Amino acid sequence: MKLYKVVKKYIPVEAYQTNRPIDIQTLEGVMHANAGDWIIIGVEGEMWPVKKEIFEKTYRIISEKR
C-alpha cells in the first residue's frame, strides 16, 4: 500500500458563525452547533457545523459576502 500526502481541492463555500446554539439538518441527519461554531454551506446547499477551533485551523476567509 502506498501512502500519499494530499490536500483538499480549493472549492469556495459560504459560512457563517452562529451566535447561539442551534441544530441544523445535514446530509447525515440533525447535528448540533454551539455558539461560536461555524456553519458551512456547500456548493449544493448542504450544511454542516464546524467547531470554531477546527474552522480556524482548516479554513481561510477570502471575502465577505454583501
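Remember, it's a predicted structure, so these values are computed and weren't measured experimentally. Residue indices follow the written sequence of each chain, beginning from 1 at its first position. Per-residue local features of the predicted model are confined to residues with pLDDT of at least 70, and side-chain atom pairs are confined, for both listing and counting, to 80 or more; whole-chain, interface and lining totals are unaffected and use all residues. Calculation of side-chain values draws on the structure's entire complement of heavy atoms; hydrogens and water are dropped beforehand.

Colleague: What am I meant to see in the environment of Ala 33 here?
Modeller: Helix and strand labels come from DSSP, where a helix needs a run of H or I of at least four residues and a strand needs a run of E of at least two; each type is numbered from the N terminus. Along the chain, the position of Ala 33 falls in strand β3 (residues 29–33). Taking the C-alpha atoms as reference points, Ala 33 and Ile 54, 21 residues apart in sequence, are found 13 Å from one another.

Colleague: Even after reading the chapter, I still don't get the packing of aromatic side chains, so can you show me in this structure?
Modeller: The way to describe two aromatic rings as a pair is by their centre distance and the angle between their planes. Each Phe, Tyr or Trp ring (for Trp, its six-membered ring) is paired with any other whose centre lies within 6.5 Å, and the angle between the two planes then decides the class: stacked below 30 degrees, edge-to-face above 60, tilted in between. Within the structure shown, the criterion is met by two aromatic pairs. Centroid distance Trp 38 to Phe 55: 4.0 Å. Interplanar angle 5 degrees. Geometry classified as stacked. Here Phe 55 lies in helix α1 (residues 52–58) and Trp 38 lies in strand β4 (residues 38–41), a separation of 17 residues in the sequence. Grouping residues by exposure puts Trp 38 and Phe 55 together as buried. Between Phe 55 and Tyr 59 the ring centres are 5.1 Å apart and the planes differ by 10 degrees, which places this aromatic pair in the stacked class. Note on classification: 1.4 Å probe, protein chains only; a residue is buried when its accessible area is under 20% of the maximum for its type, exposed when over 50%, partly exposed between these limits. Using a relative accessible area of 29% as the deciding quantity, one classes Tyr 59 as partly exposed. Among the aromatic residues, those joined into a cluster by ring pairs are Trp 38, Phe 55 and Tyr 59.

Colleague: Got a minute to help me understand the pattern of salt bridges in this structure?
Modeller: It is possible for side chains bearing opposite charge to pair when their charged atoms get close. Each salt bridge in this description consists of a side-chain nitrogen of Lys or Arg and a carboxyl oxygen of Asp or Glu lying within 4 Å of one another. Taken as a whole and assessed by the stated rule, the structure comprises three salt bridges. Linking Asp 37 and Lys 51 is a salt bridge whose minimum nitrogen-to-oxygen distance equals 3.3 Å. With Asp 37 in the loop between β3 and β4 and Lys 51 in the loop between β5 (47–50) and α1, this residue pair connects regions lying 14 residues apart in the sequence. Asp 37 sits in the buried class, given a relative accessible area of 5%. For Lys 51, a relative accessible area of 37% corresponds to the partly exposed category.

Colleague: What exactly am I supposed to notice about a nonpolar patch on the surface here?
Modeller: A grouping of Ile 11, Val 13 and Val 43 is seen on the molecular surface, where their side chains present a nonpolar patch of about 270 Å² in accessible area. Tracing the backbone through its elements, the reader meets Val 13 in the segment before β1 (14–17). For patch detection, residues must exceed 30% relative accessible area and be free of salt bridges, and they are connected within 9 Å for like charges or within 5 Å for nonpolar side chains (Val, Leu, Ile, Met, Phe, Trp, Tyr). Computed by Shrake-Rupley with a 1.4 Å probe, the accessible areas treat only the displayed protein chains as cover when residues are assessed.

Colleague: So what exactly am I meant to see when it comes to the side chain of Asp 37 here?
Modeller: As used in this structure description, the phrase polar contact means that two N or O atoms lie within 3.5 Å; if the pair is within protein, one of them must be able to donate a hydrogen and the other to accept it, and residues adjacent in sequence are counted only when both atoms belong to side chains. Among the polar contacts made by the side chain of Asp 37, one reaches the main-chain amide nitrogen of Asn 34 at a distance of 2.8 Å. A distance of 3.3 Å separates polar atoms of two side chains, one belonging to Asp 37 and the other to Lys 51. Residues count as neighbours in contact if any of their non-hydrogen atoms are within 4.5 Å of one another. Sequence-distant contacts of Asp 37, defined by excluding residues within four places in its chain, comprise Tyr 16, Gln 17, Thr 18, Val 50, Lys 51 and Lys 52.

It is worth stressing that arrangement in space is one thing and function is another; only the former is reported here.
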